[in-house]
Amino acid sequence: MTSQTKKWVILNRQTPDSEEKIVDILLKNRGIKNKKEFFNPTDPMKISLKSLGIKETEVKKAIDRIKKAKKSREHVIIYGDYDADGITGTATMWESLHELGIFVLPHIPERFSEGYGLNIESVKKLKKEDPALGLIITVDHGITAGDKVDELKRMGIDMIITDHHQIGKILPKPLALIYTDKIGGSALAWFFAREIVKSFKLTRSNLVSRLELAAIGTIADQLPLIGVNRSVVKYGLEELNRTKRPGLLALFEEAGLLTRGPLVNQIGTYEVGYIIAPRINAMGRLKHGLESLRLLCTKDKVKAFEIAKNMGSTNTERQKMVEKVVTTALSEASKSKENIIVIAGEDYHEGVIGLAAGRLVEEFYRPAIVLSVKGEISKASARSISGFNIIEAIRAVSLHLEGGGHPMAAGFSIETNKIDKFTKEINKYAEKFLTSELLSKKLRIDCELGFDQVSYSLLDTLSQFEPTGIGNPGPTFMVEKVEMIDSKTVGRDARHLKLKLRQNEHVFDAIFFGGGEKYSKLSNGVKIDIAYQAEENIWNGYKNIQLKIKDIKTTD
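My aim in this report is to walk through the structure given alongside it, one point at a time. (Residues numbered from 1 in each chain as written. Predicted model: local features only at pLDDT ≥ 70, side-chain atom pairs only at ≥ 80, totals over all residues. Heavy atoms only, no water.)

What follows is about the packing of aromatic side chains. In this structure the tally under the stated criterion is 10 aromatic pairs. Taking the centre distance of 5.6 Å and the plane angle of 55° together, the rings of Phe38 and Phe465 count as tilted. Pair noted here: Phe38 is in helix α2 (residues 35–39) and Phe465 is in the loop between α19 (456–462) and β14 (477–490), with a separation of 427 residues, a long-range link. The burial state of Phe38 is the same as that of Phe465; both residues are buried. When the ring of Phe477 is compared with that of Tyr532, the centres are 5.9 Å apart and the planes differ by 50°; the resulting orientation is tilted. (Phe/Tyr/Trp six-rings, centres within 6.5 Å; stacked < 30°, edge-to-face > 60°. Helix = DSSP H or I, 4+ residues; strand = E, 2+ residues; numbered from the N terminus. Buried < 20%, exposed > 50% of the residue type's maximum accessible area, 1.4 Å probe, protein only.)

Bringing the pattern of salt bridges into the picture now. For the structure on display, the rule yields 24 salt bridges. Residue Asp446 is joined to Arg30 by a salt bridge in which the shortest nitrogen-to-oxygen separation is 2.8 Å. Remark: Arg30 occurs in the loop between α1 (19–29) and α2 and Asp446 occurs in the loop between β12 (442–445) and β13 (447–448); sequence separation between them is 416 residues. Across the pair, exposure class does not vary: Asp446 and Arg30 are buried alike. Between Lys61 and Glu58 there is a salt bridge, with its nearest N and O atoms 3.0 Å apart. Here Lys61 and its partner Glu58 are both found in helix α4 (residues 56–72), three residues apart, which amounts to about one turn of the helix. Sharing partners across several salt bridges, the network here consists of Glu95, Glu99, Arg210, Glu212 and Arg245. (Salt bridge = Lys/Arg side-chain N within 4 Å of Asp/Glu carboxyl O.)

Turning to the layout of surface pockets, a few remarks are in order. Roughly 370 Å³ of internal volume is contained in the second largest pocket. Around the second largest pocket, the lining comprises 18 residues; the ones closest to its centre are Glu95, Asn206, Ser209, Arg245 and Lys299. Breaking the lining of the second largest pocket down by element, the ones donating at least two residues are α5 (84–99), α9 (205–209) and α14 (290–297). For the lining of the second largest pocket, the element with the highest residue contribution is α5, accounting for four residues. Counted by class, the lining of the second largest pocket contains four nonpolar, five polar and nine charged residues. (1 Å grid on protein atoms, 1.4 Å probe; cavity = no way out; pocket = protein on both sides within 12 Å on 5 of 7 lines; lining within 4 Å. Points joined across faces, edges and corners; volume = space filled by probe spheres on them. Nonpolar A, V, L, I, M, F, W, Y, C, P; charged D, E, K, R; others polar.)

In structure tokens:
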């Protein structure tokens with residue numbers, strides 16, 4: 001198996017002659033029919049539960065139970081997940097109930113000893129340590145808890161589940177099930193908190209500011225940034241850019257995001273997805289996600305700085321571990337002829353196998369499953385490609401695997417001696433669905449756009465499409481036969497490519513991240529076709545328009 005070249009798919013062959021036509025093309029390519037709603041997303045405070053597919057009757061039952069807990073002075077646990085979506089949602093839920101004067105504590109499971117989801121032994125321990133515990137509210141998990149809900153009832157603990165993952169074969173029957181697959185776990189926690197705030201008639205200012213947490217979780221969970229997710233992220237990023245949380249400010253400083261002065265829209269989807277969320281996730285991957293929760297909730301600036309520093313170093317450690325696993329896994333995967341890559345290793349760290357699976361998907365454009373082998377039971381993490389539901393595939397070949405996930409990502413446990421059988425079965429299942437067309441790596445290009453149309457006015461127009469991400473990708477254009485004036489490799493191991501390009505009298509600087517390998521095929525004066533995005537580049541106080549290259553094809 002070799003790494004794939006990208007197939008360019010030009011979504012619109014029309015060459016626009018005005019910015020208005022560019023906007024129309026971009027909207028059509030994204031399937032956006034309501035232009036007004038897209039450019040002016042609904043305030044999350046005004047989005048109805050019904051439009052989210054959340055049952056109001058379940059929310060009412062949950063709030064009534066919270067009121068009972070407050071009145072009877074019962075103790076409550078917010079039982080979250082250890083990833084960024086779960087941690088940010090847990091922070092929102094814990095802070096909201098704490099404001100009510102309820103005795104409430106957060107619980108983030110330790111990945112290696114407690115695992116994903118509700119751990120019965122952990123709940124038994126919590127109940128033994130605190131006999132007054134009468135209510136557990138889950139955040140970002142619970143939909144696959146099944147019979148565990150009944151075990152909690154026998155312990156005298158009621159359960160409210162808030163989750164967005166794919167429903168399993170057995171639907172749990174907690175006291176209240178607040179479920180939707182339209183938003184992430186952190187956003188769901190925010191909307192639930194919104195209803196609590198309304199019912200208890202609390203001030204809304206703290207709730208609105210917590211949209212920053214929902215935005216981080218939504219971006220981190222790689223949810224499509226259209227519809228309600230677009231609303232959550234757009235309004236949430238506004239809050240994030242004026243945050244007063246000591247923990248987030250300390251994290252921004254540690255990550256080098258405050259070197260350019262006040263925030264003022266510096267934190268966007270890229271900064272969250274590639275700088276902030278990985279640091280939050282790193283603790284749950286290698287140490288304990290509870291530290292990330294402490295960072296988000298602390299009011300102590302000194303403590304915040306200490307935790308942020310720890311998170312930064314842990315993230316660096318995580319990056320090194322991923323590289324180590326990926327180096328070995330790439331070598332193994334290159335020998336595979338299967339459509340679904342399944343790689344297992346005893347030295348693969350459980351906390352980074354999901355990231356390694358993602359890298360394999362990037363390299364080979366095949367669904368990938370990486371397993372950390374530890375004795376009789378192995379932990380697996382899967383990542384998929386667009387159009388192939390990996391969690392359905394996993395469940396189709398075995399009803400005995402414990403885990404959960406989304407169409408694009410999943411995690412599960414498996415008996416080590418069944419890995420070979422599982423590999424054969426899931427690849428046999430995939431034969432029906434993974435067509436050559438689906439396995440073709442595509443670069444979707446909005447339309448052709450010459451250098452004469454790239455201007456600051458265009459950048460202002462394109463900024464309306466922010467926040468961009470999955471479901472609403474950054475506008476991407478192509479242009480043919482531009483002249484390369486200069487090129488050089490930059491970055492560690494010469495991984496990136498810096499170019500100067502000309503079309504007629506128009507000249508632009510360009511950067512091609514990960515394009516260093518193409519350097520040897522380029523020479524000054526050569527004509528190339530490029531797929532690109534346009535952005536403003538600021539360096540040492542100097543501003544210019546820079547092209548971010550997505551791919552290059554040589555024409556000479």
